[in-house]
Amino acid sequence: MIVVLLGPPGAGKGTQAVRISKTFGLQHLSSGDILRAERKEMTELGRKAQDYMDRGHLVPDDLILAMMMDRIGRPGAANGCLLDGFPRTVAQAEGLDKRLSDRGAKIDIVVNMEVDDAEVTRRVTGRWSCPTDGRIYHEMFSPPGKAGMCDDCGTALTRRKDDEPSVVAQRVKTYHAETKPLVAYYQSRGLLRPVDASGTVDAVTVSIEKICRTK
Ligand code: ADP
Ligand code: AMP
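Every value quoted in this text rests on a predicted model; they were computed, and no experiment measured them. Every residue gets a number counted from 1 within its own chain, in the order that chain's sequence is written. Following the order in which they are written, the chains are lettered starting with A and the ligands numbered starting with 1. This being a predicted model, a pLDDT of at least 70 is required before a residue's local features are given, and a value of 80 or more before pairs of side-chain atoms are given or counted; all residues contribute to the totals for chains, interfaces and linings. Water and hydrogen atoms were dropped before computing side-chain values, which therefore reflect all heavy atoms in the structure.

Peer 1: What's the story with the nonpolar core in this structure? I'm lost.
Peer 2: One recurring pattern in soluble globular proteins is that nonpolar side chains are buried together. Within the largest apolar cluster, 30 residues are counted, with the highest numbers of intra-cluster contacts made by Leu83, Ile107 and Tyr186. What counts as a helix is a DSSP run of H or I of at least four residues, what counts as a strand is a run of E of at least two, and both are numbered from the N terminus. When contributions to this core are tallied by element, the ones reaching two or more residues are β1 (2–6), α2 (31–40), α3 (44–55), α4 (61–73), β3 (81–84), α5 (90–102) and α8 (181–188). Broken down by element, this core gets its largest block of residues, six residues, from α4. In this view, Leu83 contacts Ile2, Val3, Val4, Leu5, Leu29, Met68, Ile72 and Leu96; residues no more than four positions away in its chain are not counted. Take the buried Ala, Val, Leu, Ile, Met, Phe, Trp, Tyr and Cys residues and link them wherever side-chain atoms come within 4.5 Å; each set so joined is a nonpolar core. When a residue's accessible area, from a 1.4 Å probe over protein chains only, is under 20% of the maximum for its type it is buried; when over 50% it is exposed; and in between it is partly exposed. Membership of the second largest hydrophobic core comes to 22 residues, among which are Met113, Val204, Ile211 and Cys212. Should any heavy atoms of two residues lie within 4.5 Å, those residues are considered in contact.

Peer 1: Before we go on, may I ask you to explain α4 in this structure?
Peer 2: Side chains of residues three or four places apart in an α-helix project in the same direction, reflecting 3.6 residues per turn. Take the residue count of a helix, subtract one, and multiply by 1.5 Å to get its expected span. Across its 13 residues, α4 extends 18 Å between first and last C-alpha, which sits within 8% of the 18 Å expected from 1.5 Å per residue. Looking only at α4, the buried set comprises Ile64, Leu65, Met67, Met68, Met69 and Ile72. Elements in contact with the buried residues of α4: β2 (27–30), α2, α3, β3 and α5.

Peer 1: So what exactly am I meant to see when it comes to the side chain of Asp163 here?
Peer 2: Within the secondary structure layout, Asp163 lies in the loop between β6 (136–138) and α7 (165–179). Classification of Asp163 by relative accessible area gives buried; the value is 5%. Throughout this description, a polar contact denotes any pair of N or O atoms lying within 3.5 Å of each other; where both atoms belong to protein, one of them has to be capable of donating a hydrogen while the other can accept it, and for residues adjacent in sequence the pair is counted only when both atoms sit in side chains. Polar side-chain contacts of Asp163 include one of 2.8 Å to the side chain of Arg127. Excluding residues that lie within four positions of it along the chain, Asp163 makes contacts with Val124, Thr125, Arg127, Val168 and Arg171.

Peer 1: Is there a simple way to think about the sheet that holds β3 in this case?
Peer 2: Hydrogen bonds between backbone atoms are what pair the strands of a sheet, whose relative direction is either parallel or antiparallel. Criterion used throughout: strands pair if DSSP finds at least two bridges between them. Here we have five strands laid out as an open sheet, ordered β2-β3-β1-β4-β7, and parallel in their pairing. The sheet is open, and its two borders are formed by β2 and β7 (192–196), each paired with just one other strand. Neighbour-to-neighbour, the strand axes of this sheet turn through a mean angle of 20°, independent of strand direction. Relative to β7, strand β4 (residues 109–114) runs parallel, the two sharing five bridges. Bridge pairing in β7 links Val111 to Arg193. Convention adopted: a line fitted to C-alpha atoms gives each axis, helices being fitted over their contacting stretch, and angles between N-to-C directions are expressed from 0 to 180 degrees. Packing of helix α1 (residues 13–24) onto the sheet brings it into contact with β1, β2, β3 and β4, and relative to β3 it is tilted by some 175°. Sheet strands in contact with α2 are β2 and β3, and its direction is about 65° off that of β2.

Dropping the structure here:
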């Protein structure tokens, strides 16, 4: 099964992806996490991506498609994969469809996580994450047990540079201009499943699980 989590930055894609991938035995592939790892390792791709990411713009489609198709092609979880943050443009969606069909595969479900810009901004600007295991927190909505420290491994939590308010504003703008058209793209293909993502983390998980169980 191939599931896509679609939604604005801060919709809760990463938070839900961890839960859903575990429940359904899917490999969680987050384009943002992969890019941040490439940057940390200072690979050529990481160097090419950094300026776009820091300014809240999208990394060029050809780089993203090559990076994600490589990951999708690797042996992973038995039941398929959960794509988080990819595709993000119509060109990426078309490229993904074509390359999957060349491999005899296809997307099964696109979950569209609906949440308004004000809530997204509140979520992103309060986000903290663990640099060791990637666990995501929110200073008000899902705080760690001990302030500033990861519950699982005790590492000091950090903030993403692109979660600074001026960059968040650009990322939301980029979402509306470049990613939102994917809602119509997947709706016309009968794959879109809308979810109200403005509720609690648990409520959103229940809604997504219900959708994935239909497959
Ligand atoms: P995305 O991957 O879509 O950018 P994240 O999963 O990183 O979003 O979530 C963004 C922020 O919002 C994080 O700080 C996370 O803890 C918080 N968050 C996620 N889902 C919810 C929710 N349903 N209610 C409140 N806060 C949430
Ligand atoms: P995310 O972690 O999903 O919020 O992504 C962080 C940043 O990585 C984005 O603001 C983009 O600069 C870049 N990025 C992640 N996924 C993609 C994608 N599918 N296409 C282009 N850029 C991406």
